[in-house]
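Structural description and commentary
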Amino acid sequence: MAYLAKGNKPDLFSVCEEMGVEVDQSSKVVDIKKLILNSEFYVEEEVKIILDRVISDRKERERSKQEEKEREDRSKQEEREDRNKQEREERSKQEKREEREERMARESRQHELELRKLEFSQQNRPLNDESGRRVKAELAQVPKKDWVAYLLTVLPAELSNMLAREPTERVNNYDFVKDLVLKRYRLNSEKLKQCFYRHQKSAEKSWRNYAHELNSYFTKWIAELQVRTFEQLKDLLITEQLKYRVPAEVREHFLDDWIKLKTPYELAEKSDEYESIKQSFD
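Everything numeric here is computed off the predicted structure, so don't read it as measured data. (Residues numbered from 1 in each chain as written. Predicted model: local features only at pLDDT ≥ 70, side-chain atom pairs only at ≥ 80, totals over all residues. Heavy atoms only, no water.)

A look at the pattern of salt bridges
Applying the stated rule across the entire model yields 14 salt bridges. The partner of Arg-63 in a salt bridge is Glu-60, and the shortest N-O contact between them spans 2.3 Å. With a gap of three residues between them, Arg-63 and Glu-60 both fall in helix H3 (residues 44-123), about one helical turn apart. For Arg-63, a relative accessible area of 39% corresponds to the partly exposed category. Relative accessible area serves as the criterion here: at 38%, Glu-60 is assigned to the partly exposed category. (Salt bridge = Lys/Arg side-chain N within 4 Å of Asp/Glu carboxyl O. Helix = DSSP H or I, 4+ residues; strand = E, 2+ residues; numbered from the N terminus. Buried < 20%, exposed > 50% of the residue type's maximum accessible area, 1.4 Å probe, protein only.)

Shown next as structure tokens:
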């Protein structure tokens, strides 16, 4: 009958099983249909009901299987996305760590360089040591127009090379050379502060010399910040303590203004504001 065409071969096997009709698994579809129709148990309406239920059950199983497959695919996709996200986050953290380490190493190298510069400037101040006084005394016997030529013989090669790149009329101008040298070795307030906090006593120097160097760094540091009163000094020291305590992310956020922050309440207000904004996104 035509209605049997709705079912596929497995469906017809299931119908035969429910009807109690024995059928060989290698039988063709047309032969299975003949067995059903010629069975002594064949009742068309009943067979239609059985076939419809068999087909419905099969489609339900197929649908469930497809849904299960889709769920597994989604789960695998989500796992891949989570894994990729974690890998991206790890890479980002690693890159930030490397950038931070590189920045710290660069700052450390820069700090050492600035220390050497400051030590050089201290060692070559005219009134601080015997060689400086000697140079000053000798310059007093030399016409000013020849001061530069004389200084070039005692300046480090680094400064001589730097002056060699300047126009001739400037190189022969002592005041220009003096300003250039002072600018070369001028340190900002942050570098002076680092010199004060990180400066180490060398074995060949006395504790008196070490104390003098610390005093020099501290005096230059507060002078650069134009600290002139006790209240300004108190604000500076409290602010430095706050800067030492705030999280690194706060320091990085206010990096451009970090040196300019000289009062504790200004820094505290900015830190509170940053944390408040951060909490609003959590």
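Quick word on the packing of helix H10 (residues 207-224) against helix H11 (residues 230-245)
Here H10 crosses H11 at 105°, and the two axes come no closer than 11 Å. The angle between H10 and H11 places the two elements in the roughly perpendicular class. Mapping the contact onto sequence places Phe-218, Trp-221 and Ile-222 in H10 and Leu-233, Leu-236 and Glu-240 in H11. (Axes fitted to C-alpha atoms, helices over the stretch in contact; angles between N-to-C directions. Parallel < 35°, antiparallel > 145°, perpendicular 65-115°, else oblique. Contact = heavy atoms within 4.5 Å.)

Comments concerning H10
For H10, with 18 residues, the first-to-last C-alpha span of 26 Å sits near the 26 Å given by 1.5 Å per residue. When we look at burial in H10, the residues that qualify are Tyr-210, Glu-213, Leu-214, Ser-216, Tyr-217, Trp-221 and Ile-222. Positive backbone phi, approximately 60°, marks Gln-226, located one or two places after H10. (Expected span 1.5 Å × (residues − 1).)

Looking at the side chain of Glu-213
Note on placement: Glu-213 falls in helix H10. By relative accessible area, Glu-213 is classed as buried at 13%. If sequence neighbours within four positions are ignored, Glu-213 has contacts with His-199 and Lys-205.

Description of the nonpolar core
One finds Val-15, Met-19, Ile-36 and Val-47 to be the most contacted residues of the largest nonpolar core, which totals 16 residues. Only helix H1 (9-19), helix H2 (29-37) and H3 provide two or more residues apiece to this core. Once residues lying within four places of it in the same chain are set aside, the contact partners of Val-47 are Tyr-3, Leu-4, Val-15, Met-19, Ile-36 and Tyr-42. Grouped together as the second largest cluster of nonpolar side chains are nine residues, Met-162, Tyr-174, Val-177 and Val-181 included. (Core = buried A, V, L, I, M, F, W, Y, C linked by side-chain atoms within 4.5 Å.)

Things to note about the environment of Leu-51
By secondary structure assignment, the location of Leu-51 is in helix H3. Between the C-alpha atom of Leu-51 and that of Asp-11, which follows or precedes it by 40 residues, the distance is 7.0 Å. Here Leu-51 is in contact with Tyr-3, Leu-4, Gly-7, Asp-11 and Val-15, once residues within four sequence places are set aside.

Observations regarding a negative patch on the surface
A grouping of Asp-256, Asp-257, Glu-266, Glu-269, Asp-272, Glu-273 and Glu-275 is seen on the molecular surface, where their side chains present a negatively charged patch. Tracing the chain through its elements places Asp-272 in helix H13 (residues 264-281). (Patch = residues over 30% accessible without salt bridge, like charges linked within 9 Å, V, L, I, M, F, W, Y side chains within 5 Å. Areas by Shrake-Rupley, 256 points an atom, 1.4 Å probe, with all protein chains shown as cover. Lys, Arg positive; Asp, Glu negative; His and termini not counted. Charge placed at Lys NZ, Arg CZ, Asp CG, Glu CD.)

Considering the packing of H1 against H2
For any two helices packed against each other, one specifies the inter-axial angle together with the distance between the axes. Two elements in contact, H1 and H2, have axes separated by 10 Å at closest approach and are oriented at 25°. Of the possible angle classes, the one that applies to H1 and H2 is roughly parallel. Crossing of H1 over H2 shows left-handed handedness. For the pair H1 and H2, the contacting residues are Lys-9, Leu-12, Phe-13, Val-15, Cys-16 and Met-19 in the first and Val-29, Ile-32, Lys-33 and Ile-36 in the second. (Left-handed = near helix turned anticlockwise from the far one by under 90°.)

What about the packing of aromatic side chains?
Taken as a whole and assessed by the stated rule, the structure comprises seven aromatic pairs. For the pair Tyr-197 and Trp-221, a centre-to-centre distance of 6.0 Å together with 65° between the ring planes defines the contact as edge-to-face. Taken together, the positions of Tyr-197 in helix H9 (residues 189-198) and Trp-221 in helix H10 put the pair 24 residues apart, joining distant regions of the chain. Overall, Trp-221 belongs to the buried group, its relative accessible area being 2%. Both rings, one in Phe-218 and one in Trp-221, keep their centres 5.8 Å apart while their planes meet at 80°; by these two values the pair is edge-to-face. Residue Phe-218 and its partner Trp-221 are located together in helix H10, separated by three residues, close to a single helical turn. Pairwise contacts between aromatic rings join Phe-196, Tyr-197, Phe-218 and Trp-221 into one cluster. Residue placement shows Lys-201 over the ring face of Trp-207; its charged tip is 5.0 Å from the ring centre. (Phe/Tyr/Trp six-rings, centres within 6.5 Å; stacked < 30°, edge-to-face > 60°. Lys NZ or Arg CZ within 6 Å of the ring centre and 35° of its normal.)

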